[in-house]
Amino acid sequence: MALSRLEKLQVWLFKAVMGFFHMLFHLSCPRRSHLSGMKLPPVTNPLLLVSATELARRIRRKEVSSVEVVQAYIDRIQEVNPLLNAVVKDRFGSALQEAAQVDKLIEEETGGEEVLEDRLPLLGVPLSVKESFALQGMPFTTGLLSRRGVVAMVDTPLVDLLKRAGAIPLGVTNTSELCMWLESNNHLYGTTNNPYNLERIPGGSSGGEGSILGAAGAVIGVGSDMGGSIRIPCFFNGIFGHKTTPELCRNICVSDCCVSAGVVSSENQYPPASGRQGEYLSCGPMCRYAEDLLPMLKIMAGPKINMLSLNTKVDLKKLRFFTVPHDGGSPFTYPVSKELVDVQRKVVERLEADLGVKVQEVRFHELHYGFPIWDTYMGLPDEEGNPPTPFCELMGEPGRPVWPLWELLKKMMGKSEHTMAAVGLALTEKIRGSKPSPFIIQQKEKLQKEVEALLGNDAVFLYPSHPRVAPKHNHPLLRPFDFAYTGIISILGLPVTQCPLGLGEEGLPLGVQVIAGKLQDHLTLAVALYLEKAFGGWRDPGAH
């Protein structure tokens, strides 16, 4: 059994609509030729080339002050953000005041460095925050014009935990409109650029985070991921990111925000998950240095830290390794490029040479249906039968739902407040079948059993992050389903670490997903440390 004719027609219509939007966009929008040939300046301050873990250690030992570190990152943001448009609102004055308080605290501390490390492991370290997370006193709009002026009254739980650990937020970063596209562009803040090539996208929805981290304007940040919103920006911007096992950050939605059950009971992020979407929504760290992933996750997990074995030492030589080179030639996605196939093969060769392990290549036929599986499960109702909030309702907040066809006409006349991608998603949502396909449900359940049986609690597998390196602006409208490489892993509920693997032939980051069984996050984090040493990790975009 395969996709029905109706489902094939829906796919064709979606591609046709998005291709039409792409044509309209090029006809109606200004060219970005002013960015051609421009590049970021290289990093010159050595403080920007040190991990958050090491910065915290130096600050505790008074080898450098928190004020010096925070000022170094402020200077870098001011240097690169005019080219990137990644940080959409800063709090530099408050951050410097908080850094001064940190330095005073360290001077007055009598318990020694160990006490500070245990109580405040990120003391004095700057942090960037995705704008869809509530950061007290900062905009909380997710790029929606109708939410202009909405300011967060409290911190989201994950930000609160990081602040309690001593981290100092510098500002909030751009997202796609309502966090539902892989290009970080909206009519409130504009378009964010990739630090390695300003004419390329930084991914989405955590694209502002990815961009400013990749540009060395931040050392650590936070993202959320339901279809690839941590992993795609990390891949496109050459940094590390971790999508946690979803149970760790499972969300309950109250009013217009989400509350993280059992972690911290306060506002989480906007827009809220609805239907069964909360089962697949994960939050996690984004950073330039692999050694920061584990301490960040320990802090962000809060009371649920005992669900994970984060203190367990991992012997990579005792792990079982697998590699999945592609999705089997799905009609929904473009083929994986040769350079990404080659770099994944190089990872296999290094693992076998360095660790003496055998990396087995496996194929899952069900990956062929990665996009329809993701799309189907995103549309399922919750346990009480409540369907997900329609995208057109979210677009109309706080007023009435938008009419997609009317919005398209307004877009053609340059009068719409919404991006072409958002209008397209609202339109295509209307052609989605009202009942899930039994065949797609069957494929997902079969894939779940096969993957879980393969991985157990002592294995990882490699899988491409995306079929191509970072595309040019607006080109995702022609490749709307390519996120299926990350989306399918979200539906399986597996922990994933996105790892950079150097730069490709166009000077753009390469990378791979490292995936483990549920609650085995420590395995992928250990592999990330190895891959950083083997392939060099993050590269300064201004130096290449």
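Above this text is the structure in question.
Everything numeric here is computed off the predicted structure, so don't read it as measured data.

Q: I'd like a description of the overall build of the chain, backed by residues and values.
A: A tally of regular secondary structure across the chain gives 17 helices and 16 strands. Expected size for 544 residues packed as a compact globule is a radius of gyration near 24 Å; at 22 Å, the chain falls within 12% of this value. Projected onto its principal axes, the C-alpha positions of the chain cover 70 × 55 × 50 Å. Considering only residue pairs separated by 6 or more positions, the chain has 77% of its internal contacts joining residues 24 or more positions apart. Here the chain displays about 21100 Å² of accessible surface, and carbon together with sulfur accounts for 53% of that area.

Q: I'd like a description of empty space enclosed by the protein, backed by residues and values.
A: Summed over the entire model, instances satisfying the criterion amount to four cavities of 30 Å³ or more. The volume enclosed by the largest cavity comes to roughly 130 Å³. Forming the walls of the largest cavity are 15 residues, and the residues nearest its centre are W181, N185, T419, M420 and A421. The dominant element in the lining of the largest cavity, judged by the number of residues it contributes, is helix α14 (residues 420-429), at four residues.

Q: So what's going on with unusual backbone geometry? Which residues, and what values?
A: A cis amide bond, omega 10 degrees, links G204 with the succeeding residue S205. Assignment of secondary structure puts S205 in the loop between β5 (190-191) and α7 (207-214). For the bond from E397 to P398, the omega torsion is 0 degrees, close enough to zero to count as cis. If you check the backbone angles, T142 has positive phi at about 55 degrees while not being a glycine. Position of T142 among the secondary structure elements: in the loop between β2 (126-130) and α6 (157-164). Positive phi, close to 75 degrees, is recorded for N474, a residue that is not glycine. Of note, N474 is situated in the loop between β14 (459-463) and α16 (484-492). For N474, a relative accessible area of 11% gives the class buried.

Q: Which residues make up the pairing of strand β3 (residues 168-173), and what are the values?
A: Summarising burial for β3: six of the six residues are buried, a large majority. As judged from the three bridges shared by strand β1 (residues 87-90) and β3, these two strands associate in the antiparallel manner. In the strand pairing of β3, K89 is matched with V172. As judged from the five bridges shared by β2 and β3, these two strands associate in the parallel manner. Following the sheet pairing, P126 is matched in β3 by I168. You can see the chain leave β2, run along α6 and come back into β3, and the turn it takes is right-handed.

Q: Describe the pattern of salt bridges, and please don't skip the residues or the numbers.
A: This structure, assessed with the given rule, holds 23 salt bridges. Between D342 and R345 there is a salt bridge, with the nearest N and O atoms lying 2.9 Å from each other. Highlighted residues: D342 and R345, both in helix α10 (residues 338-355), separated by three residues, approximately one helical turn. Residues D354 and R350 are paired through a salt bridge, measuring 3.1 Å at the closest nitrogen-oxygen approach. Residue D354 and its partner R350 are both found in helix α10; the two are separated by four residues, about one turn of the helix.

Q: With reference to specific residues and values, describe the environment of R345.
A: Under the relative-accessibility criterion, R345 is labelled partly exposed at 43%. With 117 residues separating them along the chain, R345 and L462 place their C-alpha atoms 9.9 Å apart.

Q: Talk me through helix α9 (residues 293-301); I want residue IDs and the actual numbers.
A: Along α9, the residues classified as buried are L293, M296, L297, I299, M300 and A301. On the buried face of α9, the contacting elements are α6, β6 (220-225), β7 (240-243), β11 (282-287), β15 (496-503) and α17 (521-535). Just beyond α9, the residue with positive phi is G302, at close to 60 degrees.

The rules we used
Residues numbered from 1 in each chain as written. Predicted model: local features only at pLDDT ≥ 70, side-chain atom pairs only at ≥ 80, totals over all residues. Heavy atoms only, no water. Helix = DSSP H or I, 4+ residues; strand = E, 2+ residues; numbered from the N terminus. Rg over C-alpha atoms; globule rule 2.2 N^0.38 Å. Contact = heavy atoms within 4.5 Å. Areas by Shrake-Rupley, 256 points an atom, 1.4 Å probe, with all protein chains shown as cover. 1 Å grid on protein atoms, 1.4 Å probe; cavity = no way out; pocket = protein on both sides within 12 Å on 5 of 7 lines; lining within 4 Å. Points joined across faces, edges and corners; volume = space filled by probe spheres on them. Buried < 20%, exposed > 50% of the residue type's maximum accessible area, 1.4 Å probe, protein only. Pairing = 2+ DSSP bridges. Right-handed = clockwise from strand over helix to strand, strands pointing away. Salt bridge = Lys/Arg side-chain N within 4 Å of Asp/Glu carboxyl O.

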